[in-house]
Amino acid sequence: MIDLLPHIINGLTLGLLFALIALGFTLIVGVMEVINLAHGSLFAIGAYFALTVIAGSWFAGTPFGAWWLSLPLGLRYVLALAIGPALAGLAGMLLELCLRPTYGKPPLYGLLLTFGAALVIEELIRLVWGTGEQNLALPQAINGAFLLNGMIFSTYRFFAAGFSIAAIVAVWLFLERTSAGAVIKAGAHDSEMVRALGYDLARLRLVVFGFGAALAGLAGVVMVPIWGLRPHVGVDIVIPAFLIIVIGGVGSFWGAVIAALLVGLVIGITGVYAAAWSTMSMYLLLIAILGFRSRGLLGRKSALEN
Amino acid sequence: MISLSDIPARPSAWITPPMIVLAVLLLAAPDLLPAVGLYQYLGIEIAIWISFALGFNLLFGYAGLHSFGHGAYLGIGAYAFGLFQQHVAASLWGGLLAAVLAAGVAGALVGAFLSHRRGIYYALLTIGFGQIFWFLAMKLHRITGGEDGLLGIPRPPLALGSWQVSLTDNRALFYFSAALLLIVLVLCWRVVNSPFGRVLQAIRQNETRARFIGYEVWRFKWAVFTLSAMLAGLSGSLLAMAQQSAYPDVMSLHQSGLIVMMVLVGGGLVSFWGPVLGVVFYFVARDVLGGLTETWLLWYGLIFMAMVMLRPEGLAGMLHGLLRRRPALKPTTAPAPATEAA
Amino acid sequence: MSKTRISRRGLLGAAGAASAVSLFAGPWQHNRVWAQGAAKPIRIGITADASGQYANSGASDKRGMMMAIAEANERGGVLGRKVEFVHIDTETTAATGSRVAERMISREQCGFLVGAVHSGVANAISQVAQKYGVVYINTNSSSPTEAGQNCHRVKFVFDGNGTNFAKAAVKSAIERFGPDWMLLTNDYVWGHDTAAATKTLLKEYGGKVMEEVLIPQGTRDFTSALLKVQQHKPGVVSAAIGGDDQKAMRQQVVQLKMGDKPAWINSQQDWDDVYGLPIETLFGVFGTTWYYRLDLPGVADFVKRYQTMYPETAMRSPGNVFYNGYMSIRELLGAVERAGTTNNIAVIKALEGHKIAAKDRMQHFDATIDAQTHQVQQTIYLATANKAPKEKDDIFEVLSQARAEDVRDTDSAKLCKLEPYEQTPTFDA
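Here's a quick rundown of the structure.

Parameters at a glance
Residues numbered from 1 in each chain as written. Chains lettered and ligands numbered in written order. Predicted model: local features only at pLDDT ≥ 70, side-chain atom pairs only at ≥ 80, totals over all residues. Heavy atoms only, no water. Helix = DSSP H or I, 4+ residues; strand = E, 2+ residues; numbered from the N terminus. Rg over C-alpha atoms; globule rule 2.2 N^0.38 Å. Buried < 20%, exposed > 50% of the residue type's maximum accessible area, 1.4 Å probe, protein only. Contact = heavy atoms within 4.5 Å. Areas by Shrake-Rupley, 256 points an atom, 1.4 Å probe, with all protein chains shown as cover. Lys, Arg positive; Asp, Glu negative; His and termini not counted. Charge placed at Lys NZ, Arg CZ, Asp CG, Glu CD. Phe/Tyr/Trp six-rings, centres within 6.5 Å; stacked < 30°, edge-to-face > 60°. Lys NZ or Arg CZ within 6 Å of the ring centre and 35° of its normal. Buried area = accessible area lost by both parts, 1.4 Å probe. Salt bridge = Lys/Arg side-chain N within 4 Å of Asp/Glu carboxyl O. Polar contact = N/O pair within 3.5 Å; in protein donor to acceptor, adjacent residues only side chain to side chain. Nonpolar A, V, L, I, M, F, W, Y, C, P; charged D, E, K, R; others polar. Disulfide = S-S within 2.5 Å. Pairing = 2+ DSSP bridges. Core = buried A, V, L, I, M, F, W, Y, C linked by side-chain atoms within 4.5 Å. Axes fitted to C-alpha atoms, helices over the stretch in contact; angles between N-to-C directions. Patch = residues over 30% accessible without salt bridge, like charges linked within 9 Å, V, L, I, M, F, W, Y side chains within 5 Å. Expected span 1.5 Å × (residues − 1). Left-handed = near helix turned anticlockwise from the far one by under 90°.

Turning next to the overall build of chain C. When helices and strands are counted, chain C shows 14 helices and 15 strands. Compactness check: chain C gives a C-alpha radius of gyration of 24 Å against a globular reference of 22 Å for 429 residues, within 12% of the reference. Structurally, chain C occupies a C-alpha span of about 75 × 70 × 45 Å along its principal axes. Expressed as a percentage of its 429 residues, the buried residues of chain C come to 66%. Of the contacts formed within chain C by residues at least 6 apart in sequence, a portion of 70% connects residues at least 24 apart. In the form shown here, chain C has an accessible surface area of approximately 15300 Å², with 53% of it arising from carbon and sulfur atoms. Across chain C, the mean location of the 48 positive side-chain charges is 5 Å away from that of the 46 negative side-chain charges.

Structure (structure tokens):
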């Protein structure tokens, strides 16, 4: 009889990482009422930029490049953790600018535009970074494995899970306890009212999109050692992210988190009993949940349903 | 902005002049294509995808139901045709029927699940089901051949009564595909100009309102999904004949997304002929640009994005805009009576 | 609300005109008019992936072919005719493979098609090739079905397949590491066929399968499977995992420090997939058909020619994919020379049963183009990570080399039914 506990822990840690990307996604959907199919690509961009930052490849051969590589890996990793998502955030803002002509039109156009953007970004990644699978160099402190109860666990995975918890808490604090967060929440609830109250809706949208994109980019950097890095990874992640927010209910913060943990758990457990179906299990879960609760677990009605 | 609703309320002719133009072009294609440096097989592919796109646009453009997983039904049609040839009988009509039925049943099952949903939930479920079909095609490799594909699918001869013609030559298969395309064309034209078609448009414009008027909205949504799946299945069987094999690739998210892009770029959201333009544009661009650069998909993606941002009415809409500015080209008949009150 | 009708007649007329114009503005007709007295060139269609999952391998494949073609032209061509090539991206997609093959045969007038990494694409191309009788060389697709149920009279396979590598590895691995095996199998045809070969051999040599874990294609996170490996504690793990999945798995195995225990048997390892990765990720024993530092005559010179011809590529040393591409063209053109004609049936007969000396192959033993399955029976090498590299790219340590006869894929031979010559269209390329 196989011991389920390690698999459960494995599933939960995966779920926490999913939660990180789902949050950015649900923020964007909530405020913008746009389904950002390019969210996965922003995830990928954050990861690829982090790769470049750590390796310093754009400055290779220059004195700056040499100095950069002499810095300790830990420092470069921390910088990558900051710069990668920041650049992804910028990419997100650029995408938001492209989305502007589609506001006011049916949500289909936003969906189609982000779909096209996902394709374009993946092709650009192939062009700039190549098609092959890449590795991210990790500092020794968080690399490696440790023994627990006779089973080897990856140190990095626990670091990533802990980091995700911290990030989720930080996002929650930001949304609940700061005035900027309050504006964002209000915008998610009723954007017309927020504009009537005098806030610059255009700038709010830009900021939220950038923030959501940065969260995706952050998730990207964190996920690379677990999921590998290839141009297609954007599509690999956007489907689960999409599923998660729909399962949890569009626009719901805790819905996204709970659904993410659920999905991670399902993947982890099917990995034990029906490994061949583990990737399909997400889709089956989606169909099961939407079959019974047509708005997902904690969802609210939104304009996306028209 | 113009929309699909700008269609005359009166039932129009079964065969319209543009259809005749298309038929002539199709007839001439085997000679036109090599003359401009293209090749016969491309013609077959274009004919297949136009049939697919027309059926798809019934769902996407007319009913406003956004399916991002429609490649699955193309694939199911291809596999059904192939399996029929290999395990039941080497019959052309049998195979076509099997393809249409198989895709139709799949579409009916999925549609029954989908049709109560709307908006993003609908779109997401179509992706989910599309992925499930792709997964099954790969997993059931003893039946489908998996990534190796279902191979050795014959091109059975076309037999009408005692007259028989072989389809092994690409030219012959092209004419057959073109003939089927014209039938699909007329069929779709009739559907969109029928009361059924008008209800679809009403559902697109405002589903709640359509329900309040008294229509059983989900039944219409289910019906159009099944119909478009059946047409996809028919196109799939032609694809199986063209390639003489069937592969899981068409069911992937990437390929299902391509038909969406083709239809939008062509102007399927505003015109019946949008899908036709979109398919021709895509295939010609792919062959031309693909010969010049390896990143042609990047360019196509950028064109697509630009179209969505600036010209969502697509090629058909742009052409309409051009024609409007040159009154000399307008037909002399009076404009149709008000199609619907605003 | 607009009340104007979309004038369909005008619309479609304009559309028709626009399409026609765009077609005429498109690719120019390649009606080549041969200069008076010049011989018609031999045209080879290179069907290599330039995008999609196998783009890197496809690029190496193409480079190998191009180098062989350049060398042939330097010697004055083949039968006095210049060798030209056309390359179109097959996008690692089967439907594109069909279209590309059709285009190359009908529009580009290619007499020969060469190149593949993905088995679906290879099958699509070979079906079209068989239809027209065009000789097709499958350079790098290592699915056992290529020379088995999916063999064709016009198709020749130049790579070793999963069965060859299993035969080379399994027996000695049981002797060294014990009979308790676990299988990690990528859940698609290639994975299953490779695993099937391993299971047959295990039964034959007294091994035992503790569990077979099926890994869906596109799996990114291998932790579930690796946890199970830890829980079962096998002596050997045989991994039939390919493509991107394999690279992700390697990274995760290394993170968990599981690379040394249990012992790992991986199937063929393409050079392009491991080049540039940290050496620790190259754990376990794997197979290959060639290595750039084999101590054999001709190898060093070959490597130098590569480095001279391709100074800007990131890959500074060539690998098996490049090598297979090169050999395919060389043998194809050699067969044309021997046949004295480009008649496809004659070329096929010149290839079938042809024996290639070890020194020409730059391998340890002679190779033969099997007349029954059209697969090149060649030396199969087993290697592992090199703990004492002599230079940066020296990442393989070759453990053993097996003769072709010892690792012949007999199951494929039973399944392969080549089309008769009479049923294959004949023409002069």
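Having seen the model, we can carry on.
Let us now look at the overall build of chain A. A tally of regular secondary structure across chain A gives 12 helices and two strands. Starting at the N terminus, the α and β elements of chain A follow one another as α-α-α-α-α-β-β-α-α-α-α-α-α-α. Scaling as 2.2 N^0.38, a compact globule of 306 residues should have a C-alpha radius of gyration of about 19 Å, and chain A matches this with 19 Å. With respect to the principal axes defined by its C-alpha atoms, chain A has extents near 60 × 55 × 35 Å. In chain A, which comprises 306 residues, the proportion classed as buried is 59%.

This structure, assessed with the given rule, holds 51 aromatic pairs over all chains. Each residue in the set B:Trp49, B:Phe52, B:Phe56, B:Phe60, B:Phe281, B:Tyr282, B:Phe283, B:Trp296 and B:Tyr300 is aromatic and connected to the rest through ring pairs, giving one cluster. Looking at C:Arg63, its charged tip hangs above the ring of C:Tyr310, at a distance of 5.8 Å from the centre. The ring of C:Tyr421 is capped by C:Arg153, whose NZ or CZ atom sits 4.1 Å from the centre of that ring.

Quoted interface sizes are often the accessible area lost when the parts come together. Chain C puts 29 residues into the contact, and the matching count from chain A is 39 residues. With both sides pooled, the region where chain C packs onto chain A buries about 2800 Å², and carbon together with sulfur makes up 49% of that total. The tally of links between chain C and chain A comes to three salt bridges. Between C:Asp221 and A:Arg157 there is a salt bridge, and its shortest N-O distance comes to 2.9 Å. Our count for the contact surface shared by chain C and chain A stands at nine residue pairs in polar contact (both at pLDDT 80 or more). Tallied by class, residues from the side of chain C that touches chain A come to 10 nonpolar, 12 polar and seven charged.

Turning our eyes to something else, we now look at the state of the cysteines. Residue and element names in this part refer to chain C. Following the criterion strictly, the structure yields one disulfide over all chains and no others. Note that cysteine 151 is cross-linked by a disulfide to cysteine 416, the S-S spacing being 2.0 Å. In this structure the cystine formed by cysteine 151 and cysteine 416 twists about its S-S bond by roughly 100 degrees; its chirality is therefore right-handed. Here cysteine 151, found in the loop between strand S4 (135-138) and strand S5 (155-157), pairs with cysteine 416, found in the segment after helix H14 (410-415); they are 265 residues apart in sequence, far enough to count as distant.

Further remarks concern the sheet that holds strand S11 (residues 355-356) of chain C. Residue and element names in this part refer to chain C. With antiparallel pairing, three strands are arranged side by side in an open sheet as S11-S12-S13. The two strands at the open ends of the sheet, each matched to only one other strand, are S11 and strand S13 (376-377). Sheet analysis places strand S12 (residues 367-369) next to S13, joined by two bridges and oriented antiparallel. Note on S13: the bridge partner recorded for threonine 368 is glutamine 377.

A:Phe18, B:Tyr73 and B:Phe176 are the most contacted members of the largest nonpolar core, which has 226 residues in total. The element contributing the most residues to this core is helix H2 (residues 40-62) of chain B, with 16 residues. Ignoring any residue separated from it by four or fewer positions in sequence, one finds B:Tyr73 in contact with B:Ala103, B:Ala106, B:Gly107, B:Val110, B:Phe133, B:Phe225, B:Ala229, B:Ala232 and B:Gly233. C:Trp290, C:Ile348, C:Ala385 and C:Ala429 belong to the second-largest nonpolar core, a separate cluster that totals 75 residues.

Further remarks concern the sheet that holds strand S9 (residues 263-268) of chain C. Residues and elements named next belong to chain C. A sheet is described by the order of its strands in space; here seven strands give the open sequence S7-S6-S8-S9-S10-S14-S15, paired in mixed fashion. Across the chains shown, the open sheet's two edge strands, defined by having one partner strand only, are strand S7 (208-215) and strand S15 (396-402). Each adjacent strand pair in this sheet contributes to an overall mean axis angle of 25 degrees, direction not counted. Those strands touched by helix H7 (residues 223-232) are strand S6 (180-186), S7, strand S8 (236-240) and S9, and its axis lies near 170 degrees from that of S7.

Moving on: a nonpolar patch on the surface. All names here are of chain A. Nonpolar side chains collect at one region of the surface, where Trp58, Phe59, Phe64, Trp67, Leu124, Leu127 and Val128 lie side by side and expose about 740 Å² of accessible area between them. Elements supplying a minimum of two residues to the nonpolar patch: helix H3 (63-70) and helix H5 (107-129). Looking at which element gives the most residues to the nonpolar patch, the answer is H5, with three residues. When its relative accessible area of 40% is taken as the criterion, phenylalanine 64 is described as partly exposed.

Here we come to the environment of B:Phe212. Residues and elements named next belong to chain B. Locating phenylalanine 212 in the fold gives a position in helix H9 (residues 207-213). By relative accessible area, which is 69% here, phenylalanine 212 ends up exposed. Measuring from C-alpha to C-alpha, the distance between phenylalanine 212 and isoleucine 15 comes to 35 Å, with 197 residues separating the pair along the chain.

Right, let's talk about the pattern of salt bridges for a bit. Side chains that differ in sign of charge can pair as their charged atoms come close. Applying the stated criterion across every chain yields a total of 38 salt bridges over all chains. Where A:Arg195 meets A:Glu192, a salt bridge forms, and the shortest distance between an N and an O atom there is 3.1 Å. Of the two residues, A:Arg195 and A:Glu192 are both situated in helix H8 (residues 191-196); the distance of three residues between them amounts to about one turn of the helix. For C:Glu391, the salt bridge is made with C:Arg293, and the minimal N-O distance between the two is 3.5 Å.

In this section: helix H5 (residues 119-139) of chain B. For H5(B), built from 21 residues, the straight-helix expectation of 30 Å at 1.5 Å per residue is met to within 8% by its first-to-last C-alpha distance of 31 Å. Buried residues dominate H5(B), accounting for 17 of its 21 residues.

When you line up the elements, C:Ser143 lands in the loop between S4 and S5. The class of C:Ser143 is buried, set by a relative accessible area of 2%. A distance of 2.9 Å separates the side chain of C:Ser143 from the side chain of C:Thr145, its partner in a polar contact. Once you skip the residues sitting within four places of it in the chain, C:Ser143 turns out to touch B:Asp148, C:Ser119, C:Asn161, C:Trp190 and C:Asp193.

Our focus in this paragraph is the packing of helix H4 (residues 92-114) of chain B against H5(B). Residue and element names in this part refer to chain B. For the pair H4 and H5, interaxial distance at closest approach is 10 Å and the crossing angle is 145 degrees. The hand of the H4/H5 crossing is right-handed. Seen from H4, the contacting residues are Ala106, Val110, Phe113 and Leu114; seen from H5, they are Tyr122, Leu125, Thr126, Phe129 and Phe133. A class-by-class count of the residues in the contact of H4 with H5 yields eight nonpolar, one polar and no charged.

Moving on: unusual backbone geometry. All names here are of chain C. Residue proline 262 is bonded to the preceding lysine 261 through a cis peptide linkage, with omega at 5 degrees. Turning to its location among the elements, proline 262 is positioned in the loop between helix H8 (243-255) and S9. Of note in this structure, threonine 92 is not a glycine but carries a positive phi near 50 degrees. In this structure, threonine 92 sits in the loop between strand S2 (83-87) and helix H3 (94-106). For threonine 92, a relative accessible area of 13% translates into the label buried.

Another aspect to go through is the packing of helix H1 (residues 5-32) of chain A against helix H11 (residues 253-273) of chain A. Residues and elements named next belong to chain A. Across the interface, H1 lies against H11 with an axial gap of 7 Å and an inter-helix angle of 145 degrees. Relative to H11, H1 is oriented so that their crossing is right-handed. Where H1 abuts H11, its residues His7, Ile8, Gly11, Leu12, Leu14, Gly15, Leu16, Phe18, Ala19, Ala22, Leu23 and Thr26 lie against Phe253, Ala256, Val257, Ala260, Leu261, Val263, Gly264, Leu265, Ile267, Gly268, Ile269 and Val272. The class makeup of the residues in the contact of H1 with H11 is 18 nonpolar, six polar and no charged.

Residue and element names in this part refer to chain C. Among the secondary structure elements, histidine 354 is positioned in the loop between helix H12 (344-351) and S11. For histidine 354, a relative accessible area of 18% corresponds to the buried category. Aside from chain neighbours lying at most four places away, what touches histidine 354 is Glu331, Arg338, Ala367, Thr368 and Ile369. A polar contact is formed between the side chain of histidine 354 and the side chain of arginine 338, at a distance of 3.3 Å.

Turning next to the side chain of C:Gln255. With respect to the element layout, C:Gln255 can be found in helix H8. C:Gln255 gets classed as buried once you look at its relative accessible area, which sits at 9%. Once residues lying within four places of it in the same chain are set aside, the contact partners of C:Gln255 are A:Leu138, A:Asn143, A:Gly144, A:Ala145, A:Ser154, A:Tyr156 and A:Pro225.

On their own, these measurements won't tell you what the molecule is for.
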